[in-house]
Amino acid sequence: MLQFEEYFEPEKGPQAIADGAVFLQEFARSESAFLIEEIRKVVAKAPFREAYTKGGLRMSLTSTGCGAIDWLDDEEGRISSPALGPALRAFAVRAATAAGYPDFMPNACLINRYLPGAKLGLHQDREETDTDEPIVSVSLGLPITFLFGGLDRSDPTQRIALDHGDVIVWGGASRMAFHGVLTLKDGQHPILGRQRINLTFRKIKV
Ligand SMILES: O=C(O)CCC(=O)C(=O)O
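The following paragraphs examine the structure supplied in this document. Fair warning: this is a prediction, and the values are worked out from it, not measured in the lab.

### Section: the site of the ligand
Lining the immediate surroundings of the ligand are 13 residues, of which Y114, H123, D125, H179 and R196 lie closest. Y114 is positioned such that a nitrogen or oxygen atom in its side chain is 2.5 Å from an oxygen atom of the ligand. Within the side chain of H179, an N or O atom sits 3.0 Å from an oxygen atom of the ligand. For the ligand, whose free accessible area comes to 290 Å², the fraction covered by protein is 97%. Its residues assigned to classes, the shell around the ligand comprises 5 nonpolar, 5 polar and 3 charged.

This is the structure in structure tokens:
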């Protein structure tokens, strides 16, 4: 049974949520039109597809991505993903810098799409990623509750309400923290409609 700390109520501006983890409320809001256009370009080349856990279970979200992502399987086998463009990379570098990681140089962006009812259970980002580098995570569209725990799955978990344009960066002592999101509630976002899109910028080992 998970234990939850008190509901986290962020203020605007960089806010530490754990050692090495920073919440940047609304950081991406003014750039959301640009980010959505970049997502559209990626999706035109690499449409959202079903995602599976390591154990082969189908997840409730769909995903795509750009850059050094080689986990985009289709029926014919692996496909090469579109390049991670310089403007998207520059955005991620700005977010990482604001969170205290000025040397972050991502080479990939995973794009997850949640429709109402989709969720992502607690997990660590370890597969294929460089665990010395932070993760920059951007929320667009419908709001969701983000779960941020500790290094053990059973550690207490903070709940953070994420809205359109919010960014969370975790690295250092928090890089391997368990995290996930609760089930997306139905709603209508003025720009993205009935969905939430999450970008995670990563450094993938190549
Ligand atoms: O959707 C989110 O906010 C979390 C995404 C995530 O944890 C992941 O892609 O590993």
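### Details of helix α1 (residues 32–45)
Look at α1: 20 Å from first C-alpha to last across 14 residues, which is about the 20 Å you get at 1.5 Å a residue. Looking at α1, one finds that the buried residues are S32, L35, I36, E38, I39 and V42. The buried residues of α1 all sit within an arc of 160° when viewed along its axis, so they share a single face. In α1, the exposed residues that point more than 90 degrees away from the buried face are A33, A44 and K45. On its buried face, α1 is in contact with β4 (58–67), α2 (86–98), β7 (108–114), β9 (135–141) and β14 (196–202).

### Quick notes on the pairing of β4
By the bridge criterion, 3 bridges tie strand β3 (residues 49–52) to β4 in an arrangement that is antiparallel. Counterpart to Y52 in the pairing with β4 is R58. Taking the residues that link successive antiparallel strands as the turn, the β3-β4 hairpin has 5 residues, and the phi of G56 there is positive, at about 90°.

### Side note on the environment of L24
Residue position: L24 is located in strand β2 (residues 21–25). C-alpha of L24 to C-alpha of A99: the two residues are 75 residues apart in sequence and 7.5 Å apart in space.

### Quick notes on α2
Given a rise of 1.5 Å per residue, 13 residues ought to cover 18 Å, and the 18 Å separating the end C-alpha atoms of α2 matches this to within 8%. Those residues of α2 lying buried are L88, F91, A92, V93, A95 and A96. Those residues of α2 that are buried lie in contact with β2, α1, β4, β9, β12 (167–170) and β14.

### Focus on the nonpolar core
In terms of nonpolar packing, the biggest core is built from 28 residues, with L35, V136, V138, V167, L199 and F201 touching the most fellow members. Listing elements by their share of this core, those giving two or more residues are β2, α1, α2, β7, β9, β12 and β14. Those residues in contact with F201 that sit more than four places away from it in its chain are L84, L88, F91, A92, F104, P106, A108, C109, P134, I135, V136 and V138. Grouped together as the second largest cluster of nonpolar side chains are 20 residues, I17, A51, Y114 and I168 included.

Rules behind the numbers
Residues numbered from 1 in each chain as written. Predicted model: local features only at pLDDT ≥ 70, side-chain atom pairs only at ≥ 80, totals over all residues. Heavy atoms only, no water. Near = heavy atom within 4 Å. Polar contact = N/O pair within 3.5 Å; in protein donor to acceptor, adjacent residues only side chain to side chain. Areas by Shrake-Rupley, 256 points an atom, 1.4 Å probe, with all protein chains shown as cover. Nonpolar A, V, L, I, M, F, W, Y, C, P; charged D, E, K, R; others polar. Helix = DSSP H or I, 4+ residues; strand = E, 2+ residues; numbered from the N terminus. Expected span 1.5 Å × (residues − 1). Buried < 20%, exposed > 50% of the residue type's maximum accessible area, 1.4 Å probe, protein only. Arc of directions from axis to C-beta. Contact = heavy atoms within 4.5 Å. Pairing = 2+ DSSP bridges. Core = buried A, V, L, I, M, F, W, Y, C linked by side-chain atoms within 4.5 Å.

Function-wise, these values are silent; they only describe arrangement.
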